[in-house]
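Chains, contacts and geometry: an overview
Chain by chain, the residues:
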Amino acid sequence: MPHKLNLATWERRDHFAFFRNFEEPFFGVCVEVDCTVAYRRTKELGTSFFLYYLHQSIVAVNQTAPFRYRIVGDDVVVHEQVGASATINRENGSFGFSYIPYAEDFQEFEQGAQAEIDRVRGTTGLVPATAAESVIHYSSLPWIKFTSVSHARSFSHADSIPKISFGKMTEANGKRMMPVSVHVHHALMDGFHVGQHLERFQELLNQT
């Protein structure tokens, strides 16, 4: 069950108070990750590259505590686990939102993800996820090797959910690289924590 963070003893309480009421409290970074090993691993497993790197990302998210923090009223709520709300492409060029529950084991995650992908592709419209705040907003742009990303946002709607996007994988000199964009609420974390997440994500992509 989620629990409230003790703001009185939180080392970032002043940062939280400072950034929480900004008109645009999100900041973002774009980096490239090396997915050479991860891509080879998916070929060995006969599985989806998208689902494989999505799983490694959500594992890294759950291992980086501030990515599980959410602002609720005047409080910061900590979720024990967060799942993936990913955009799922359809053959007609549209997309729908999904909710993929978190599982540390890849095969378990893959089964849940494939069932959710099949469900979304069998529907029309956006079909918003119902998991509320206990998700990461994911999107994939496999057609674009981007160097920056911005997101459509409703500023009248309170939002503190991290947003992670993946771009087009390219190959050069024997390495496969992929751009990744991470946008987070500055009241909940700093560049240090984003760096921790990205470092862990790269470690997981490098696993054999």
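My aim in this report is to walk through the structure given alongside it, one point at a time.

Basis of the calculations
Residues numbered from 1 in each chain as written. Predicted model: local features only at pLDDT ≥ 70, side-chain atom pairs only at ≥ 80, totals over all residues. Heavy atoms only, no water. Helix = DSSP H or I, 4+ residues; strand = E, 2+ residues; numbered from the N terminus. Rg over C-alpha atoms; globule rule 2.2 N^0.38 Å. Contact = heavy atoms within 4.5 Å. Pairing = 2+ DSSP bridges. Polar contact = N/O pair within 3.5 Å; in protein donor to acceptor, adjacent residues only side chain to side chain. Buried < 20%, exposed > 50% of the residue type's maximum accessible area, 1.4 Å probe, protein only. Axes fitted to C-alpha atoms, helices over the stretch in contact; angles between N-to-C directions. Left-handed = near helix turned anticlockwise from the far one by under 90°. Nonpolar A, V, L, I, M, F, W, Y, C, P; charged D, E, K, R; others polar.

**Remarks on the overall build of the protein**
Broken down by element type, the protein carries 5 helices and 10 strands. Taken over the C-alpha trace, the protein has a radius of gyration of 17 Å; the compact-globule value for 208 residues is 17 Å, and the two agree within 12%. Dimensions of the protein along its principal axes, counting C-alpha atoms only, are 50 × 40 × 30 Å. For the protein, the share of sequence-separated contacts (at least 6 apart) that also reach a separation of at least 24 residues comes to 73%.

**Some words on the sheet that holds strand E1 (residues 3-4)**
Working definition: the strands of a sheet are paired by backbone hydrogen bonds and lie parallel or antiparallel to each other. On the basis of which strands lie adjacent, the open sheet formed by 3 strands has the order E1-E4-E3 and antiparallel pairing. The sheet is open, and its two borders are formed by E1 and strand E3 (69-72), each paired with just one other strand. Judged from the 2 bridges that link them, E1 and strand E4 (residues 75-78) form a sheet pairing that is antiparallel. Bridge assignment links His 3 to a residue of E4, and that residue is Val 78.

**Digging into the side chain of His 183**
As for its placement among the helices and strands, His 183 is situated in strand E10 (residues 175-185). Separated by 3.2 Å, the side chain of His 183 and the backbone oxygen of Val 149 make a polar contact. Once residues lying within four places of it in the same chain are set aside, the contact partners of His 183 are Phe 26, Phe 27, Gly 28, Val 149, His 151, Pro 162 and Lys 163.

**Section: unusual backbone geometry**
The phi dihedral of Asn 173 falls on the positive side, at around 55 degrees, and the residue is not glycine. Here Asn 173 shows up in the loop between strand E9 (170-172) and E10. Residue Asn 173 is classed as exposed on the basis of its relative accessible area, which comes to 83%.

**Some remarks on the packing of helix H3 (residues 49-62) against helix H4 (residues 106-121)**
Two elements in contact, H3 and H4, have axes whose closest approach is 10 Å; the angle formed by their N-to-C orientations is 120 degrees. Along this stretch, H3 crosses H4, giving a crossing that reads as right-handed. Contacts between H3 and H4 involve Leu 51, Tyr 52, Leu 54, His 55 and Ile 58 on the former and, on the latter, Phe 106, Phe 109, Glu 110, Ala 113, Gln 114 and Ile 117. Residue composition of the contact of H3 with H4, grouped by class: 8 nonpolar, 2 polar and 1 charged.

**Quick look at helix H2 (residues 36-45)**
Counting along an α-helix, one turn takes 3.6 residues, and residues three or four places apart therefore face a common direction. Looking at H2, one finds that the buried residues are Thr 36, Val 37, Ala 38, Tyr 39 and Thr 42. Buried residues along H2 sit against strand E2 (26-34), H3, E10 and helix H5 (191-205).

**Let's talk about the environment of Met 178**
Here Met 178 shows up in strand E10. Residue classification places Met 178 among the buried positions, given a relative accessible area of 1%. On a C-alpha basis, the gap between Met 178 and Thr 147 in space is 10 Å, while along the polypeptide they are 31 residues apart. Those residues in contact with Met 178 that lie beyond four places of it in its chain are Val 31, Glu 32, Val 33, Cys 35, Phe 49, Tyr 53, Phe 166, Gly 167, Lys 168 and Met 169.

**Side note on the environment of Gln 207**
Position of Gln 207 relative to the elements: it lies in the segment after H5. Taking relative accessible area as the criterion, Gln 207 reaches 40% and is therefore assigned partly exposed. Residues Gln 207 and Glu 23, 184 residues apart in the sequence, show an inter-C-alpha distance of 40 Å. Once you skip the residues sitting within four places of it in the chain, Gln 207 turns out to touch Val 37, Tyr 52 and Arg 200.

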